[in-house]
Amino acid sequence: MTGFDAATAAVQAALDAGARYADARVMHRRYESMSARNGDIEELTQDESIGLGVRALVGSSWGFHAVPELSDAAARDAGRRAAAIAAASARVPGPPIDLVAVEATVASWASACDVDPLGVPLTDKGDLLVRATAMMREHGADLAEGLYQIWDTTKWFVSSEGHRIDQRIQECGGGISATSIGDGETQRRSYPSYRGQYGTTGWELVTSLDLAAHAARIAEESRELLTAPECPSGETDLILGGEQLALQIHESVGHAIELDRILGWEAAFAGTSWLDLSRLGTLQYGSELMNVTIDPTIPGALGSFGFDDEGSPAARRDAVREGRWVGVLAGRDSAAVAGLDYGGSVRADGWARLPMVRMTNVGLEPGPHTLDEIIAATDDGVLMDINRSWSIDDKRLNFQFGCEVGWEVKKGRRGRLLRNPTYTGIGPVFWRSMDMLSSEIVPWGTPNCGKGQPGQTGHTGHPAAPARFRNVRVGVRA
């Protein structure tokens, strides 16, 4: 059967079994990754899977069932089982679940791709990693690592409301890292990010990173950090590079505005949120420079798509406008419970997983400054970049982050390297202290966002640029 045929059969079987709504997704995914260490290829992984997942809504309860085959019998059985699971769950009375309206759509969508990543010869991709890691070793790294990852996903979606959508999403990225070991000290430098840079695009993204051109620099910096002075402790002005600010957005904004967390649906595994829905539209989340958008339409960003896994079309909307909290990441059911009129942020990481609220591209709009201007305007502070560690509480409120590298900033100039830089804060207090923001936005990609039971790995994007925050506690208290 075709993907559409299997999904249609599953939906009809769920309706025949008593569901009042049903949808089905067939997903075919190919995955490839390669890693190198110290000038040698370490591992090559190639994987391919296809299957069908069905959701059925009976009363106030969802049911879900998935199968790894696309025969008519298997698809119809999956639909019946999804409806039976929903009916069994509905025996326990609960509040009614409605779905916010979405226009039934028949459409096709594909991400832009100039160079098919899976079509690039393995020898070329391997040579890239071997060359970059060998160069890092030559320049003093004790451990030199590189990797790339590729996902090529085709989806066919059908709903009982009349949706019939197919999408092809090609994603890839990679990066390198150098680790140096000293006397009781280990330091790491990465490029372009601590896990690489990723996007919904072709191999041209990896080519543009020019990994080998940065290999010597990061190896030398990792060795220099071994003897650099420790990051001082105290309150100071903090300048964050764009890569680190992307993770700050991910952890202290993106997860906090997921509506299932706010409603308490996600509490069992990854915590809830400090946000109170009654304050949507009035809460001052940050300074007036803080404009955060939810935008899955950004070309090439890792959280981009044409339609989410409920058939809602990709659409841009505000999450924070001039510091005020105005929007959430939602699905059709959670939005209806909250009295909102939009969803559009529901995805699953494969055919065998139930779709849930996930980040798309959640990031900052550009500010009026440049990084050079921010440094020049800072009399006494620390510049930090590239994430090394993170910790945040289950309400996404109190956090502590460590970075790979810091620089002392004195009288408007970037000075000496600082090792083991860390900073800590409380989400809204931290964001309200942002007083300078660069226009140099990069849509950083995060391919490893974990959520759900069973666990799912989401691909998210975070447009970010360097910014300054006033009176932030940095370093480790004595």
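Each remark here, short or long, concerns the structure printed above.
Bear in mind that the values here come from a model prediction, so they are computed numbers and not experimental data.

Caption draft 1: Focus on the overall build of the protein chain. The number of helices and strands found in the protein chain is 11 helices and 23 strands. For 478 residues, the compact-globule estimate of 2.2 N^0.38 gives 23 Å, and the C-alpha radius of gyration of the protein chain, at 23 Å, lies within 12% of that figure. Each principal axis of the C-alpha distribution contributes one length, and for the protein chain these read about 70 × 55 × 35 Å. Residues classed as buried in the protein chain amount to 58% of the 478 residues present. Of the contacts formed within the protein chain by residues at least 6 apart in sequence, a portion of 75% connects residues at least 24 apart. Of the roughly 18,500 Å² of accessible surface on the protein chain, 49% is carried by carbon and sulfur atoms. Charge separation in the protein chain, taken as the distance between the mean sites of 46 positive and 63 negative side-chain charges, equals 4 Å.

Caption draft 2: Quick look at the pattern of salt bridges. Taken as a whole and assessed by the stated rule, the structure comprises 32 salt bridges. D152 is paired through a salt bridge with R30; the nearest N and O atoms lie 3.1 Å apart. Of the two residues, D152 sits in strand β5 (residues 143-159) while R30 sits in strand β1 (residues 21-37), which places them 122 residues apart along the sequence. Residue R30 is classed as partly exposed on the basis of its relative accessible area, which comes to 31%. The partner of D435 in a salt bridge is R468, with the nearest N and O atoms 2.7 Å apart.

Caption draft 3: The arrangement of the nonpolar core in detail. If you look at the biggest cluster of nonpolar residues, it comprises 55 residues, and the most contacted ones within it are I257, Y285, Y423 and W431. For this core, the leading source of residues is helix α6 (residues 242-254), giving five residues. Core analysis: the next-biggest nonpolar cluster, separate from the first, contains 24 residues, A14, V54, A74 and A75 among them.

Caption draft 4: Highlighting the environment of G445. Take G445: it is sitting in strand β21 (residues 442-451). Placed 249 residues apart in sequence, G445 and G196 show a C-alpha to C-alpha distance of 8.3 Å. Setting aside its immediate chain neighbours within four residues, G445 contacts G196, Q197, Y198, L302, T460 and G461.

Caption draft 5: Structural view of empty space enclosed by the protein. Applying the stated criterion across every chain yields a total of three cavities of 30 Å³ or more. Of all the secondary structure elements, the ones that give two or more residues to the lining of the largest cavity are β1, β5, β6 (164-181) and β22 (456-464). For the second largest cavity, the calculated volume is near 110 Å³. Taken together, S193, Y194, R195, G196, E243, A246, L247, W444, G445, T446, P447 and N448 form the lining of the second largest cavity. Counting residues per element, the ones that place at least two in the lining of the second largest cavity are α6 and β21. Counting residues per element, the lining of the second largest cavity draws most heavily on β21, at five residues.

Caption draft 6: Examining the packing of aromatic side chains more closely. Within the structure shown, the criterion is met by 14 aromatic pairs. Both rings, one in F399 and one in F430, keep their centres 5.3 Å apart while their planes meet at 85°; by these two values the pair is edge-to-face. Of this pair, F399 sits in strand β17 (residues 398-410) while F430 sits in helix α11 (residues 427-432), placing them 31 residues apart in sequence. For F430, a relative accessible area of 3% puts it in the buried group. Ring centres of Y423 and F430 lie 5.9 Å apart, and the angle between their planes is 20°; this geometry places the pair in the stacked category. In terms of burial, Y423 and F430 fall into one category: buried. A connected cluster of aromatic rings, assembled from ring pairs, spans F399, F401, Y423, F430, W431 and F469. The positively charged end of K125 is found above the aromatic ring belonging to W203, 5.8 Å away from the centroid. Seen from the ring of F4, R164 lies directly overhead, with NZ or CZ sitting 4.1 Å from the centre.

Caption draft 7: Region of the structure containing the packing of helix α1 (residues 3-16) against helix α2 (residues 72-90). Relative to each other, α1 and α2 sit at 40°, their axes nearing to 7 Å. α2 is crossed by α1, and the crossing has right-handed handedness. Listed contacts from α2 to A6, A9, A10, Q12, A13 and A14 of α1 are D72, A75, R76, G79, R80 and A83. For the contact of α1 with α2, a count of residues per class yields seven nonpolar, two polar and three charged.

Caption draft 8: Local environment of the pairing of strand β2 (residues 40-58). Bridge analysis of β1 against β2 gives 17 bridges, and the strand direction is antiparallel. Note on β2: the bridge partner recorded for D23 is R55. Between β1 and β2, which follow one another and run antiparallel, lie two residues, and N38 among them has a positive phi close to 55°. Summarising the sheet, β2 and strand β3 (residues 61-67) pair through seven bridges and their orientation is antiparallel. Following the sheet pairing, G53 is matched in β3 by A66. Once β2 ends, the chain turns through two residues before running back antiparallel as β3, passing G59 with a positive phi of about 60°.

Rules used throughout
Residues numbered from 1 in each chain as written. Predicted model: local features only at pLDDT ≥ 70, side-chain atom pairs only at ≥ 80, totals over all residues. Heavy atoms only, no water. Helix = DSSP H or I, 4+ residues; strand = E, 2+ residues; numbered from the N terminus. Rg over C-alpha atoms; globule rule 2.2 N^0.38 Å. Buried < 20%, exposed > 50% of the residue type's maximum accessible area, 1.4 Å probe, protein only. Contact = heavy atoms within 4.5 Å. Areas by Shrake-Rupley, 256 points an atom, 1.4 Å probe, with all protein chains shown as cover. Lys, Arg positive; Asp, Glu negative; His and termini not counted. Charge placed at Lys NZ, Arg CZ, Asp CG, Glu CD. Salt bridge = Lys/Arg side-chain N within 4 Å of Asp/Glu carboxyl O. Core = buried A, V, L, I, M, F, W, Y, C linked by side-chain atoms within 4.5 Å. 1 Å grid on protein atoms, 1.4 Å probe; cavity = no way out; pocket = protein on both sides within 12 Å on 5 of 7 lines; lining within 4 Å. Points joined across faces, edges and corners; volume = space filled by probe spheres on them. Phe/Tyr/Trp six-rings, centres within 6.5 Å; stacked < 30°, edge-to-face > 60°. Lys NZ or Arg CZ within 6 Å of the ring centre and 35° of its normal. Axes fitted to C-alpha atoms, helices over the stretch in contact; angles between N-to-C directions. Left-handed = near helix turned anticlockwise from the far one by under 90°. Nonpolar A, V, L, I, M, F, W, Y, C, P; charged D, E, K, R; others polar. Pairing = 2+ DSSP bridges.

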